[in-house]
Amino acid sequence: MLKALNNFKLLSMTCETFSPNSLYQQSVRWGRKPLWFPTAKSKLFRVSPRKRLPKEEEVEKRRLYNSYRTQVKSIKQYLEEKYSLENQEAFDEEKHKMEIEEDFIQCSEINDKWNEEIKKSREERVEKELQESIEDAKRRLEKRLKIYAEQRETAEEAVRQVKEASQHFITPDKLDAAIEYAINNPVDYNFALDLDGNKIRGRETKPPSKIEPEKISAKA
Amino acid sequence: MLYPSSGTGQFAANSAKIIRFVRKGCTNRPFFHIVVAERRIEQQGPAIEQLGTFDPMPNEQDEKLVSLNFERIRYWIGNGADTSKSVRRLLGLAGFYPVHPTSYITASKNRRTEEEAALKASEETKPNETSPANV
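Residue positions within a chain follow its written sequence, with the count starting from 1. Throughout, the order in which chains and ligands are written sets their labels, letters from A for the former and numbers from 1 for the latter. Residues qualify for local features only when their pLDDT is at least 70, as the model is predicted, and side-chain atom pairs are given and counted only at 80 or more; totals for whole chains, interfaces and linings, by contrast, use all residues. Each side-chain value is worked out from all heavy atoms of the structure, with water and hydrogens disregarded.

Chemist: A description of the overall build of chain A should follow, citing residues and the corresponding values.
Modeler: Segments assigned H or I by DSSP are reported as helices when at least four residues long, segments assigned E as strands when at least two residues long, and all are numbered from the N terminus. Scanning chain A for helices and strands turns up 4 helices and 2 strands. Starting at the N terminus and walking to the C terminus, you meet the elements of chain A as α-α-α-α-β-β. Only protein chains enter the area calculation, which uses a 1.4 Å probe; residues under 20% of their type maximum are buried, those over 50% are exposed, and those in between are partly exposed. Looking at chain A as a whole, 4% of its 220 residues qualify as buried.

Now the structure itself:
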């Protein structure tokens, strides 16, 4: 006890040198008694009874632990076999190159196969397109020919009409007769209107008798 | 000295490694990282790699959330890392390892106490039930 007190004093003294206010000094305590205190006299010869499980429980517990340990061990072994770096194969450059080459050959085979398929389909497509374009060209040619024929027909019709009209043309042989006819049949387009709106044709010449007098109605 | 909690990735070649908890969080709020570390290094020291997390405080749905990187756990166990008991318990509940015996033992203990409590409650209620019948 005295020793402890001395220790305490020592502690406080050492603290005093550092702390600005020794009045509010507190010492740290662990549990019920300071760490350096020996076992209490009253507890010195105390022996706590050993905890014992019932027999059944103990057997059960042992069984559980045994099976658990074996299972964990086997899992660990499996994982070690699978993932341990020691068991992993070392990196072989030659093998890696070979693998890449093999992979390339395989890929190129697949590529060739695809190309073959695509070639087939492309040829089919081109053939089909060619046939279609030929048919289209034929159709267009037919249409064009039809148009030409129509044009020709219209032209011929025009020529025929002109030919027909040319019968009435004044040729040098018919010139005298035509002049005579014109002199004998003067045409006068002048006319006058009376209050009733009647059209009276002719100013200097007499109109032909067969022309009926027309009536013009004044607009309101 | 502060170390990245995701791990430094550095370790001595032939040192013993262990998968264990590292307490993060703060006072009255525990939160654990599950890490692989060298056994000789203290808990808060540099970890080799983080393998998961564990939140021991139940959330609103009464769940304790755990995350585990099984791929890396498999790798580290395969390369000779040991596991701490609490991590083994978690792995057992996660289905990675067989269920740990302590899980069975605590469960049976809890069941027994529950049964006892129920028995006690039924005994207490029995006289109350019989009394109105007698009257």
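Chemist: Report on the overall build of chain B, specifying residues and quantitative values.
Modeler: Within chain B, the secondary structure is distributed over 3 helices and 5 strands. The N-to-C order of helical and strand elements in chain B reads β-β-β-β-α-β-α-α. Burial statistics for chain B: of 135 residues in total, 33% are counted as buried. Put simply, of all contacts in chain B between residues at least 6 apart along the chain, 38% involve residues at least 24 apart. Approximately 8700 Å² of chain B is accessible, and the part contributed by carbon and sulfur atoms is 52%. The contact criterion used is simple: two residues touch if any of their non-hydrogen atoms lie within 4.5 Å. Accessible areas in this description were obtained via Shrake-Rupley with a 1.4 Å probe; residue shielding takes into account the shown protein chains only.

Chemist: Mind laying out the interface of chain A and chain B, listing which residues take part and the relevant values?
Modeler: Between chain A and chain B, the residue contacts involve 14 residues of the former and 18 residues of the latter. Throughout, the accessible surface (probe 1.4 Å) given up by two parts as they are put together, summed over both, is called the buried area. For the pairing of chain A and chain B, the buried interface totals around 1500 Å² over both sides, and the portion due to carbon and sulfur atoms is 68%. A side-chain nitrogen of Lys or Arg and a carboxyl oxygen of Asp or Glu constitute a salt bridge if their distance falls within 4 Å. Viewed at the interface, chain B and chain A are joined by 2 salt bridges. Its salt-bridge partner being B:Asp82, residue A:Lys76 comes within 3.7 Å of it at the nearest N-O pair.

Chemist: Can you lay out the sheet that holds strand 3 (residues 49-54) of chain B for me, pointing to particular residues and giving the numbers?
Modeler: Residues and elements named next belong to chain B. Across the sheet, which stays open at both edges, the 5 strands sit in the order 4-3-2-1-5 with mixed pairing between neighbours. The strands lining the two open edges of the sheet, one partner per strand, are strand 4 (66-68) and strand 5 (82-83). Two strands pair under a simple rule: DSSP has to find at least two bridges between them. Direction of pairing for strand 1 (residues 17-26) relative to strand 2 (residues 29-38): antiparallel, over a ladder of 10 bridges. Residue pairing across strands places Cys26 opposite Arg29, the latter belonging to strand 2. In the packing of helix 1 (residues 70-78) onto the sheet, contacts are made with strand 1, strand 2, strand 3, strand 4 and strand 5, and the angle to strand 3 comes to roughly 125°. Axis lines are fitted to C-alpha atoms, over the contacting stretch for helices. Their N-to-C directions set the angle, which ranges from 0 to 180 degrees.

Chemist: Summarise the pattern of salt bridges; cite the residues concerned and give the values.
Modeler: Scanning all chains against the criterion turns up 13 salt bridges over all chains. A salt bridge links A:Arg63 to A:Glu60; its shortest N-O distance comes to 3.0 Å. Here A:Arg63 and its partner A:Glu60 are both found in helix 2 (residues 55-83), 3 residues apart, which amounts to about one turn of the helix. Counted as one network, the salt bridges with shared partners bring together A:Lys76, B:Arg39 and B:Asp82.

Chemist: Explain the confidence of the model for chain A residue by residue, including any values.
Modeler: All names here are of chain A. One confidence number per residue, pLDDT, is output by the predictor and ranges from 0 to 100. Residues at a pLDDT of 70 or more form 79% of chain A, whose mean pLDDT is 85. When pLDDT is averaged over each helix and strand of chain A, the minimum, 49, is found for helix 1 (residues 2-18) and the maximum, 97, for helix 3 (residues 93-165). Counted against residues more than four places away or in other chains, residues 12-16, with its pLDDT under 50, gives 4 contacts.

Chemist: For the nonpolar core, give the residues involved together with the corresponding values.
Modeler: Looking at soluble globular proteins, one finds that nonpolar side chains tend to be buried together. The biggest cluster of nonpolar side chains holds 21 residues, and the ones touching the most others in it are B:Ile19, B:Ile34 and B:Trp76. If you list the elements that add at least two residues to this core, you get helix 2 of chain A together with strand 1, strand 2, strand 3, helix 1 and helix 2 (85-94) of chain B. It is helix 1 of chain B that provides the largest number of residues to this core, a total of 4 residues. Definition of nonpolar core: a set of buried residues of the types Ala, Val, Leu, Ile, Met, Phe, Trp, Tyr and Cys, connected through side-chain atoms within 4.5 Å.

Chemist: Which residues make up the packing of aromatic side chains, and what values do they have?
Modeler: Stacked, tilted and edge-to-face pairs are distinguished by plane angle, under 30 degrees for stacked and over 60 for edge-to-face with tilted covering the rest, among Phe, Tyr and Trp rings (Trp via its six-membered ring) whose centres lie within 6.5 Å. Within this structure, the stated rule accounts for 7 aromatic pairs over all chains. Ring centres of B:Phe32 and B:Phe54 lie 6.3 Å apart, and the angle between their planes is 15°; this geometry places the pair in the stacked category. Pair noted here: B:Phe32 is in strand 2 and B:Phe54 is in strand 3, with a separation of 22 residues, a long-range link. For B:Phe54, a relative accessible area of 13% corresponds to the buried category. Judged by centre distance (5.3 Å) and plane angle (80°), the rings of B:Tyr75 and B:Trp76 are edge-to-face. Grouping aromatic residues by their ring pairs yields a cluster made of B:Phe11, B:Tyr75 and B:Trp76. Counting as a charge over the ring demands two things of the Lys NZ or Arg CZ atom: a distance within 6 Å of the ring centre and an angle within 35 degrees of the ring normal. Cation over ring: A:Lys199 sits above A:Phe191, and NZ or CZ is 4.6 Å from the ring centre. Over the aromatic face of B:Tyr75 sits the side chain of B:Arg72, whose NZ or CZ is 4.4 Å from the ring centroid.

Chemist: Can you lay out the pairing of strand 3 of chain B for me, pointing to particular residues and giving the numbers?
Modeler: Residues and elements named next belong to chain B. One ladder, built from 5 bridges, connects strand 2 with strand 3; its direction is antiparallel. Bridging from a neighbouring strand, His33 pairs with Thr53 of strand 3. Sheet topology note: the strand 3/strand 4 ladder contains 3 bridges and is antiparallel. When the bridges of strand 4 are listed, Phe54 appears paired with Val66.

Chemist: Tell me about the side chain of A:Ser84, residues and numbers included.
Modeler: Along the chain, the position of A:Ser84 falls in the loop between helix 2 and helix 3. Beyond its immediate stretch of four places on either side in the chain, A:Ser84 contacts A:Leu79, B:Gly78 and B:Asn79.

Chemist: How would you sum up a positive patch on the surface? Please name residues and give values.
Modeler: Within the patch definition used here, like charges are joined within 9 Å and nonpolar side chains (Val, Leu, Ile, Met, Phe, Trp, Tyr) within 5 Å, considering only residues with over 30% relative accessible area and no salt bridge. Neither His nor the chain termini are counted; the positive set is Lys and Arg, and the negative set is Asp and Glu. Note on charges: their place is set at NZ of Lys, CZ of Arg, CG of Asp or CD of Glu. Taken together, the side chains of A:Arg32, A:Lys33, A:Lys43 and A:Arg46 make up a positively charged region of the molecular surface. With respect to the helices, strands and loops of the structure, A:Lys43 is situated in the loop between helix 1 and helix 2.

Chemist: Describe in detail the pairing of strand 2 of chain B, supporting the description with residues and values.
Modeler: Along strand 2 of chain B, 8 of the 10 residues are buried, which leaves the element largely enclosed by surrounding structure. Turn length for the strand 1 of chain B-strand 2 of chain B hairpin, with the two strands adjacent in sequence and antiparallel, is 2 residues, and the turn residue B:Asn28 shows positive phi of about 60°.

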